[in-house]
Amino acid sequence: MTFMVAGVDVDDDQAVGTLMEELDAMLFRGAGVDLLSIVIDGESAIDAARRAYIGARTHAPGIVFKRLDRDLVGIPEIAERTGRSRQNIAQVVAGERHTDAPPFPPAEGVVGRTRIWLWAEVNSWLKHLGMDDGLARPTREEMTEIDYRLQQGNLRKFQWVQEDRPPQKKRCVSGGIRRETTI
């Protein structure tokens, strides 16, 4: 996962070194944006993001997570990441190759005259052809959920929310009848 971050100077060798040593995370600047890239396990993408957040905040307390980087790619980036030619990828996108596969994912948008896609969706599609990079990435829905949780504020608010908690027994009253239900 790669997050857009602030609050930590990418030129601070101590912060960069600590994040690298403790979390195997890379803090860098790309196109004028500060980014934190980290590969981390979790029961879900949301859990992995939570673990990344907690770990980074533990080792670099000033770091501020803005949102996930969407990792948008065009045909040249897809070609480079898969080791294929641009022409080959253009044919794949147009449906001229691998016609037995599901349709190529819809473009996320257009920059200038170039279509761009979410790498997570392209990589997932490439898995059917055995051309993916083997890494799990958050889905579009998970990205939205992670960004929402990051916007909620601090570490405490990013931690467990209702749907992440293990089921608990709770007593409630419904229609005058006392019931015990699992929430």
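Quick note: structure is the one above.
Residues numbered from 1 in each chain as written. Predicted model: local features only at pLDDT ≥ 70, side-chain atom pairs only at ≥ 80, totals over all residues. Heavy atoms only, no water.

1. Things to note about the packing of aromatic side chains
How two aromatic rings sit relative to each other is given by the distance of their centres and the angle of their planes. What counts is decided by this rule: Stacked, tilted and edge-to-face pairs are distinguished by plane angle, under 30 degrees for stacked and over 60 for edge-to-face with tilted covering the rest, among Phe, Tyr and Trp rings (Trp via its six-membered ring) whose centres lie within 6.5 Å. A run of H or I in DSSP becomes a helix once it reaches four residues, and a run of E becomes a strand once it reaches two; helices and strands are each numbered from the N terminus. Each residue is placed in one exposure class: buried if its accessible area under a 1.4 Å probe, protein chains only, is under 20% of its type's maximum, exposed if it is over 50%, and partly exposed if it falls in between.
Evaluation of the coordinates by the stated rule reveals four aromatic pairs. Geometrically, the ring pair formed by Phe 104 and Trp 117 is edge-to-face, given 5.5 Å between the ring centres and 90° between the ring planes. With Phe 104 in the loop between helix H4 (86-94) and strand S6 (109-111) and Trp 117 in strand S7 (residues 114-118), the pair connects residues that are 13 residues apart, well separated along the chain. For Trp 117, a relative accessible area of 1% puts it in the buried group. Chaining the aromatic ring pairs together yields one cluster made of Phe 3, Tyr 53 and Phe 65.

2. Some details on the side chain of Asn 123
What counts is decided by this rule: Polar contacts, as used here, are pairs of N or O atoms within 3.5 Å; protein pairs need one atom able to donate a hydrogen and one able to accept it. Residues neighboring in sequence count only if both atoms are side-chain atoms. Contact between two residues is taken to exist if any of their heavy atoms lie within 4.5 Å; hydrogens are not considered.
By secondary structure assignment, the location of Asn 123 is in helix H5 (residues 119-127). Within the structure, Asn 123 has its side chain in polar contact with the backbone nitrogen of Asp 133 (distance 2.9 Å). Among all residues touching Asn 123, those that are not within four sequence positions of it are Asp 132, Asp 133, Leu 135 and Arg 137.

3. Overview of the nonpolar core
Here is the rule we go by: Among buried residues, those of type Ala, Val, Leu, Ile, Met, Phe, Trp, Tyr and Cys that are joined through side-chain atoms within 4.5 Å constitute a nonpolar core.
Formed by 26 residues in total, the largest nonpolar core has its most connected members in Phe 3, Leu 19, Leu 36, Ile 63, Phe 65 and Ile 146. For this core, the elements supplying multiple residues, two or more each, are strand S1 (2-6), helix H1 (13-23), helix H2 (45-59), strand S4 (64-68) and helix H6 (140-151). Ranked by residues supplied to this core, first place goes to H2 with six residues. If near-sequence neighbours (up to four positions away) are discounted, Leu 19 is found in contact with Asp 24, Ala 25, Leu 27, Leu 36, Ala 56, His 59 and Ala 60. Ranked by size, the runner-up nonpolar core spans 15 residues in total, among them Val 73, Ala 101, Val 122 and Leu 126.

4. Digging into the sheet that holds strand S2 (residues 26-30)
How we decide: Pairing between strands is defined by DSSP: at least two bridges between them are needed. An axis is simply a line fitted to the C-alpha atoms; with a helix, the fit covers only the stretch in contact. Between two such axes, the angle follows the N-to-C directions and lies from 0 to 180 degrees.
The strand order across the open sheet formed by four strands is S2-S3-S1-S4, and the pairing between neighbours is antiparallel. Two strands bound the open sheet, and with one partner strand each, they are S2 and S4. In this sheet, adjacent strand axes meet at a mean angle of 40° when their direction is disregarded. As judged from the three bridges shared by S1 and strand S3 (residues 33-37), these two strands associate in the antiparallel manner.

5. Structural notes on the packing of helix H3 (residues 75-82) against H4
Note the threshold: Relative orientations are named as follows: roughly parallel for angles under 35 degrees, roughly antiparallel for angles over 145 degrees, roughly perpendicular for angles from 65 to 115 degrees, and oblique for any other angle. Two helices that cross are described as forming a left-handed crossing if the nearer one is turned anticlockwise from the farther one by less than a right angle, and a right-handed crossing if clockwise. Residues were grouped as follows: Ala, Val, Leu, Ile, Met, Phe, Trp, Tyr, Cys and Pro as nonpolar; Asp, Glu, Lys and Arg as charged; and all remaining residues, including Gly, as polar.
Running from amino to carboxyl end, H3 crosses H4 at an angle of 110°, the nearest separation of the two axes being 8 Å. When the interaxial angle is binned, H3 and H4 end up roughly perpendicular. Between H3 and H4 the crossing geometry is right-handed. Contacts between H3 and H4 involve Ile 75, Pro 76, Ile 78, Ala 79 and Thr 82 from the former and Arg 86, Ile 89, Ala 90 and Val 93 from the latter. When the residues that make up the contact of H3 with H4 are grouped by side-chain class, the tally is seven nonpolar, one polar and one charged.

6. Some words on the sheet that holds S7
Reading across the sheet, the three strands line up as S5-S7-S6 and stay open at both edges, with antiparallel pairing between neighbours. In this open sheet, the two edge strands, each paired with only one partner strand, are strand S5 (72-73) and S6. Examined bridge by bridge, S6 and S7 share three bridges and lie antiparallel to one another. Note that in S7 the partner of Val 111 across the bridge is Thr 114.

7. Digging into H1
Short version of the rule: An arc is given here, and it is the one of the directions from the helix axis to the C-beta atoms.
Along H1, the positions that sit buried rather than exposed are Ala 15, Leu 19 and Leu 23. Projected onto a plane normal to the axis of H1, the buried residues spread over an arc of 30° and lie on a single side. Residues of H1 that are exposed and point over 90 degrees away from its buried face: Asp 13, Gln 14 and Glu 21. Residues of H1 that are buried in the fold lie against S2, S3 and H2. The distance from a side-chain oxygen at the start of H1 to the backbone nitrogen of Gln 14 is 3.0 Å, and the residue carrying that oxygen is Asp 12. Note on H1: the residue one or two positions beyond its end, Asp 24, has a positive phi of about 55°.

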